[in-house]
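Chain residues, written in single-letter form:
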Amino acid sequence: LDFDRLTSLTKVDISNNRFSELPDSIYCLTQLRVLRMKNNHLTSISPQVVGISSLEEIEFDGNKIADPPADIARMGFRHIMEYLGRRNDAGRSQELDLSKLGLEVVPFTLVQLTSLTALSLSNNLLETLDYQ
């Protein structure tokens, strides 16, 4: 399904399927307010989702999501979008500021960001720098 032709969609529910990643065309849905993707095979939510400025609700329970980390996901939509926005910005600037997010563990996905030149993990709840 090519979502970029369905520009009027405000709600997409792809729950209870076998998606391992979201189709890139879903990020073209400029009117999307609700994105439900429960019980799939997703392991991360792409930082591209912050480009959907109309998004108000995102649900991904029942997936083995490592990014965003569980401690961010538990805090709700606003924190999820803040975290993903910072990840998205890091792709352009090579600087990642994850300060003041309430992180309890270092996100595993940091090891994939090999071009980072600056990283801030200050003012969180970290007890170790081991990633999970």
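Computed from a predicted structure; not experimentally measured.

Undergrad: Looking at this model, I keep getting lost on the nonpolar core. Mind explaining?
TA: Burial of nonpolar side chains together is a common tendency in soluble globular proteins. Core analysis: the largest hydrophobic core is formed by 31 residues, its most contacted members being Val12, Ile26, Leu35, Met37, Ile45, Val49 and Leu98. Tallying contributions element by element places helix H2 (residues 77-93) first for this core, with five residues. Beyond its immediate sequence surroundings of up to four residues, Ile45 is in contact with Met37, Ile58, Phe60, Ile65, Asp67, Pro68 and Leu84.

Undergrad: Any chance you could explain the sheet that holds strand S1 (residues 11-13) here in plain terms?
TA: Within a sheet, neighbouring strands are paired by backbone hydrogen bonds and run either parallel or antiparallel to one another. An order of S1-S2-S3 is seen for the three strands of this open sheet, with the pairing classed as parallel. With one partner strand each, in any of the chains shown, S1 and strand S3 (57-59) form the two edges of the open sheet. The mean inter-strand angle of the sheet, taken between neighbouring strand axes irrespective of direction, is 0°. Where strand S2 (residues 34-36) lies against S3, three bridges are found, and the strand directions are parallel. Following the sheet pairing, Arg36 is matched in S3 by Glu59.

Undergrad: Quick question: what am I supposed to make of the side chain of Ser99 here?
TA: Structurally, Ser99 can be placed in the loop between strand S4 (95-97) and strand S5 (118-120). Once you skip the residues sitting within four places of it in the chain, Ser99 turns out to touch Arg86, Ser120, Leu121, Ser122 and Asn124.

Undergrad: I tried to follow a nonpolar patch on the surface on my own but got confused; where do I start?
TA: A contiguous nonpolar surface patch, about 270 Å² in accessible area, is contributed by Phe108, Val111 and Tyr131. With respect to the helices, strands and loops of the structure, Phe108 is situated in the loop between S4 and S5. Given a relative accessible area of 34%, Phe108 falls into the partly exposed group.

Undergrad: Where do I start with the pattern of salt bridges in this structure?
TA: Two side chains bearing opposite charge may form a pair once their charged atoms approach each other closely. Counting across every chain of the model gives nine salt bridges. The salt bridge involving Arg33 is made with Glu56; its shortest N-O contact spans 3.8 Å. One end of the pair, Arg33, is in the loop between S1 and S2; the other, Glu56, is in the loop between S2 and S3, and 23 residues separate them in sequence. Residues Lys38 and Glu59 are paired through a salt bridge, measuring 3.3 Å at the closest nitrogen-oxygen approach. With Lys38 in the loop between S2 and S3 and Glu59 in strand S3, this residue pair connects regions lying 21 residues apart in the sequence. According to the relative accessible area criterion, Lys38 is partly exposed, its value standing at 29%. Via salt bridges that share partners, Arg36, Lys38, Glu57 and Glu59 belong to a single interconnected network.

Thresholds, definitions, all that
- Residues numbered from 1 in each chain as written.
- Predicted model: local features only at pLDDT ≥ 70, side-chain atom pairs only at ≥ 80, totals over all residues.
- Heavy atoms only, no water.
- Core = buried A, V, L, I, M, F, W, Y, C linked by side-chain atoms within 4.5 Å.
- Buried < 20%, exposed > 50% of the residue type's maximum accessible area, 1.4 Å probe, protein only.
- Helix = DSSP H or I, 4+ residues; strand = E, 2+ residues; numbered from the N terminus.
- Contact = heavy atoms within 4.5 Å.
- Pairing = 2+ DSSP bridges.
- Axes fitted to C-alpha atoms, helices over the stretch in contact; angles between N-to-C directions.
- Patch = residues over 30% accessible without salt bridge, like charges linked within 9 Å, V, L, I, M, F, W, Y side chains within 5 Å.
- Areas by Shrake-Rupley, 256 points an atom, 1.4 Å probe, with all protein chains shown as cover.
- Salt bridge = Lys/Arg side-chain N within 4 Å of Asp/Glu carboxyl O.

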